[in-house]
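# Coordinate inspection notes
Chain by chain, the residues run as shown.
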Amino acid sequence: MESTFSALIIDPKRDSQLRLKQTMQMSELFEHIYCVRSFEDAMDFLDGSEFVDTVFFGPTISPIVIPEFIQDAKRMFTANDAAFIRLSAGLTDSGAFTLSIIGGLDGILVCPYS
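Residues numbered from 1 in each chain as written. Predicted model: local features only at pLDDT ≥ 70, side-chain atom pairs only at ≥ 80, totals over all residues. Heavy atoms only, no water.

### A short note on the nonpolar core
The criterion, for reference: Residues belong to one nonpolar core when they are buried, are Ala, Val, Leu, Ile, Met, Phe, Trp, Tyr or Cys, and are joined through side-chain atoms within 4.5 Å. Categorising residues by exposure relies on relative accessible area from a 1.4 Å probe, with only protein chains included: less than 20% of the type maximum marks a residue as buried, more than 50% marks it as exposed, and the intermediate range marks it as partly exposed. Secondary structure follows DSSP: runs of H or I at least 4 residues long count as helices, runs of E at least 2 residues long count as strands, and numbering of each begins at the N terminus. When checking whether two residues touch, look at their non-hydrogen atoms; a contact exists if any pair is within 4.5 Å.
One finds Leu8, Ile10, Val55, Phe57, Phe69 and Phe84 to be the most contacted residues of the largest nonpolar core, which totals 19 residues. For this core, the elements supplying multiple residues, two or more each, are strand 1 (5–10), strand 2 (30–36), helix 2 (39–46), strand 3 (54–57) and helix 3 (66–74). The leading source of residues in this core is helix 3, at 4 residues. Ignoring any residue separated from it by four or fewer positions in sequence, one finds Leu8 in contact with Tyr34, Val36, Ala42, Phe45, Leu46, Val52, Thr54, Val55 and Phe56. Ile9, Phe30, Phe56 and Ile85 belong to the second largest nonpolar core, which has 9 residues in total.

The structure is reproduced here in structure tokens:
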């Protein structure tokens, strides 16, 4: 049996959430995909009992604020071993991304993704 994963998508734009969710569902690697619109909603979700393997940050979320969220999320039992991935709409400030990587971001996925 193939391993399946769970994911949390943090993105204030519902259409962007749905696009990523549909792509993930087609891969059949993700059994559970949850969507929230803010860091506050994400922390409330992670404070519950659902474990997540991967957290995706929408492309409109500033990479500058991501490291603080990652630090807080890694303190949660439900996300302490999760991978954190930022979606990027294309060219962005490499300095901000560098700070995000140093702050715990595990990777960047450029949109459109396939």
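That covers the picture; the talk isn't over yet.
### As for helix 1 (residues 14–27)
Rule in force here: Between the first and last residue of a helix there are one fewer steps than residues, each counted as 1.5 Å, and that sum is the expected span. Read the arc as the range of directions from the helix axis to the C-beta atoms.
An ideal rise of 1.5 Å per residue puts 20 Å on 14 residues; helix 1 measures up with 20 Å between its terminal C-alpha atoms. All of the buried residues along helix 1 are Ser16, Gln17, Leu20 and Met24. All buried residues of helix 1 project into a common sector of 100° when viewed along the axis, lining one side. Looking at the buried positions of helix 1, the neighbouring elements they touch are strand 1, strand 2, strand 3 and strand 4 (83–88).

### So, the environment of Leu8
Within the secondary structure, Leu8 sits in strand 1. Relative accessible area serves as the criterion here: at 0%, Leu8 is assigned to the buried category.

In short, the description is geometric, and any link to function would need to be established separately.
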